[in-house]
Amino acid sequence: MGRLGTLTALYVTQYLGIGFITVGLTAILRDGGTSLDTLALLQVVGLIWPVKFLWAPLLDRYGSRRRGHYRSWLLVLQAVLVLTLLALLPFSRPADQLGPVIAVCAVFVFFSATQDIAVDAVAVRLLAASERGAGNGIQVAASYLGNLLGGGVCVLVYDRFGWAAAVGLLAALTAIGLLVVWRFREPERIDRIVRIGTAYRALVSVFGQPGCRWWTFGVVPLVYVGAGMAYALVTPALVDAGWSLGRIGVVTGVVTSVPAIAAGLIAGLGIGRFGRAGVLVAGGVTLALSTVALMPLMNGRAPLGGTVAALCFFLAAYTIANVVLYTVNMDYSRPGSGGTDFTVLSSFGLVCSFVAASLGLAAADRFGYSAVALASLVLVAAGVVVGVTHQRRFPPSGPTIRVAHPQTDLLVR
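Basis of the calculations
- Residues numbered from 1 in each chain as written.
- Predicted model: local features only at pLDDT ≥ 70, side-chain atom pairs only at ≥ 80, totals over all residues.
- Heavy atoms only, no water.
- Helix = DSSP H or I, 4+ residues; strand = E, 2+ residues; numbered from the N terminus.
- Rg over C-alpha atoms; globule rule 2.2 N^0.38 Å.
- Buried < 20%, exposed > 50% of the residue type's maximum accessible area, 1.4 Å probe, protein only.
- Contact = heavy atoms within 4.5 Å.
- Areas by Shrake-Rupley, 256 points an atom, 1.4 Å probe, with all protein chains shown as cover.
- Lys, Arg positive; Asp, Glu negative; His and termini not counted.
- Charge placed at Lys NZ, Arg CZ, Asp CG, Glu CD.
- Phe/Tyr/Trp six-rings, centres within 6.5 Å; stacked < 30°, edge-to-face > 60°.
- Salt bridge = Lys/Arg side-chain N within 4 Å of Asp/Glu carboxyl O.
- Patch = residues over 30% accessible without salt bridge, like charges linked within 9 Å, V, L, I, M, F, W, Y side chains within 5 Å.
- 1 Å grid on protein atoms, 1.4 Å probe; cavity = no way out; pocket = protein on both sides within 12 Å on 5 of 7 lines; lining within 4 Å.
- Points joined across faces, edges and corners; volume = space filled by probe spheres on them.
- Nonpolar A, V, L, I, M, F, W, Y, C, P; charged D, E, K, R; others polar.
- Axes fitted to C-alpha atoms, helices over the stretch in contact; angles between N-to-C directions.
- Parallel < 35°, antiparallel > 145°, perpendicular 65-115°, else oblique.

### Some points on the overall build of the chain
- Summing up its helical and strand segments, the chain has 16 helices and zero strands in all.
- Taking 413 residues into account, the globule formula puts the C-alpha radius of gyration at 22 Å, and the chain, at 21 Å, falls close to it.
- In terms of its C-alpha atoms, the chain occupies a principal-axis envelope of roughly 65 × 50 × 35 Å.
- Sorting the 413 residues of the chain into buried and exposed places 54% on the buried side.
- Of the contacts formed within the chain by residues at least 6 apart in sequence, a portion of 84% connects residues at least 24 apart.
- When the accessible surface of the chain is split by element, carbon and sulfur atoms take 67% of a total near 17200 Å².
- Here the chain contributes 29 positively and 16 negatively charged side chains, and the mean placements of these two sets differ by 8 Å.

### Description of the packing of aromatic side chains
- Taken as a whole and assessed by the stated rule, the structure comprises 12 aromatic pairs.
- A ring pair is formed by Phe314 and Tyr318, whose centres lie 6.1 Å apart and whose planes are at 65 degrees; its orientation type is edge-to-face. With Phe314 and Tyr318 both in helix H14 (residues 304-331), this residue pair falls four residues apart, about one helical turn.
- Among the residues examined, Phe314 registers a relative accessible area of 1% and is labelled buried.

### Things to note about the pattern of salt bridges
- A complete count under the given rule lists six salt bridges for this structure.
- Among the ionic pairs, Arg3 bridges to Glu131, the shortest N-O distance being 2.8 Å. With a gap of 128 residues between them, Arg3 in helix H1 (residues 3-31) and Glu131 in the loop between helix H5 (98-126) and helix H6 (132-161) connect regions that are remote in the sequence.
- We classify Glu131 as partly exposed; its relative accessible area is 23%.
- For Arg93, the salt bridge goes to Asp96, with nearest N and O atoms at 2.7 Å.
- For Arg93, a relative accessible area of 57% gives the class exposed.
- We classify Asp96 as exposed; its relative accessible area is 54%.
- Three or more residues are tied together by salt bridges with common partners; here these are Arg132, Arg276 and Asp331.

### Quick notes on a nonpolar patch on the surface
- A cluster of nonpolar side chains, namely Leu58, Tyr62, Ile196 and Tyr200, defines an oily patch on the protein surface of about 310 Å² accessible area.
- Checked against the element boundaries, Tyr62 lands in the loop between helix H3 (56-61) and helix H4 (69-86).
- On the basis of relative accessible area, Tyr62 is assigned to the partly exposed category, the value being 40%.

### What to know about empty space enclosed by the protein
- Scanning all chains against the criterion turns up two cavities of 30 Å³ or more.
- Of the volumes computed, that of the largest cavity is approximately 50 Å³.
- Around the largest cavity, the lining residues are Tyr15, Trp49, Lys52, Asp116, Asp120, Gln139, Tyr326, Phe342, Ser346, Ser347 and Leu350.
- Of all the secondary structure elements, the ones that give two or more residues to the lining of the largest cavity are H5 and helix H15 (338-367).
- Ranked by residues supplied to the lining of the largest cavity, first place goes to H15 with four residues.
- A breakdown of the residues in the lining of the largest cavity according to their chemical character gives five nonpolar, three polar and three charged.

### Here's the deal with helix H8 (residues 196-205)
- Within the sequence span of H8, burial applies to Thr198, Ala199, Ala202 and Leu203.
- Along its buried surface, H8 packs onto H3 and H15.

### Notes on the packing of helix H12 (residues 257-293) against helix H16 (residues 369-393)
- At their nearest, the axes of H12 and H16 sit 9 Å apart, and the two run at 170 degrees to each other. Taken as axis vectors, H12 and H16 run roughly antiparallel relative to one another. Residues Arg276, Ala277, Leu280, Val281, Gly284, Leu287, Ala288, Thr291 and Val292 of H12 touch H16, and the partners they reach there are Ala373, Ser376, Leu377, Val380, Val384, Gly387, Val388 and Gln391.

If you want it as structure tokens, here you go:
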């Protein structure tokens, strides 16, 4: 299996459980009579993901030379993901055993987030600058495919064959990643970080690279807050338009995932041909057009066909922008501290998304859905302009490995 095939398998199996927890299990619990307030507790476990940068330096510092630095982590983490899913088997009536179920889900999310750090670090080390677009297209598409399989297919299996069959399928699919890791041979690491304090300093030193602060604190907030504000309005607007919770779940969790998967893969390939700036412009224009297409929904009109088409269009555009943002984040991730660098840059984007949801809903309550949607369009347009300017001034380059100075002790060859 090639490098991109290995990354595909690892990213997809990583998101299977996340899709099941955030979409599938939510539907199963709701069907069992769990209140919406209680279901909100299940979503809180997702907050583990944005803070994974706190332990990312540990993965960059420690690892086995014999088994492969990050491979040694992945062997353990993939196995733990499977075992954690199997721990859900006894809870055949999850709505009646909510406390233990949420606890197991929180453990899974923690180990899934940690696995993501290791996979990202492997991607940073394996992919050349010309391959990063494809690699990150796979990563973003994998999140939607995991959502589709874990949140859609496993629910269908549960509905027909029961809880044990659904959890068993989820664990079996996740175990594929363990087989992939077992066969993976990681290139020998010669740029090992020698002190844990040095590893943690990478959380800050990553921003010292030329243009990194401009990108992280300029482009990323504009695009994520702009697109995130509009996306946060979708579910409440659908509820206000009279859609049932079941229809909303199927459309937003399953139907829209298909074009998003295709958009992620196409965007990744497009970056290799048209560059980061070119695909960012395409994503921004598509986001603007899709936001306009959502305006009937924002004004309370939500016919099934037109609304589904607009939502698919919007999520595909959001995916395109996401692939570009992830790719440039990888451009700024150094091989010696790739897990930490990529994690801290991506976590900032996740924080922006959480902030965007709060801002969007609060502003909509005061100014209305349409006004917030228009504001989001302006923010995305500004982000694209700033992003294109950034790329012209700081074009991507291949990864470099810095040799340590005896006094700074950063990295050693």
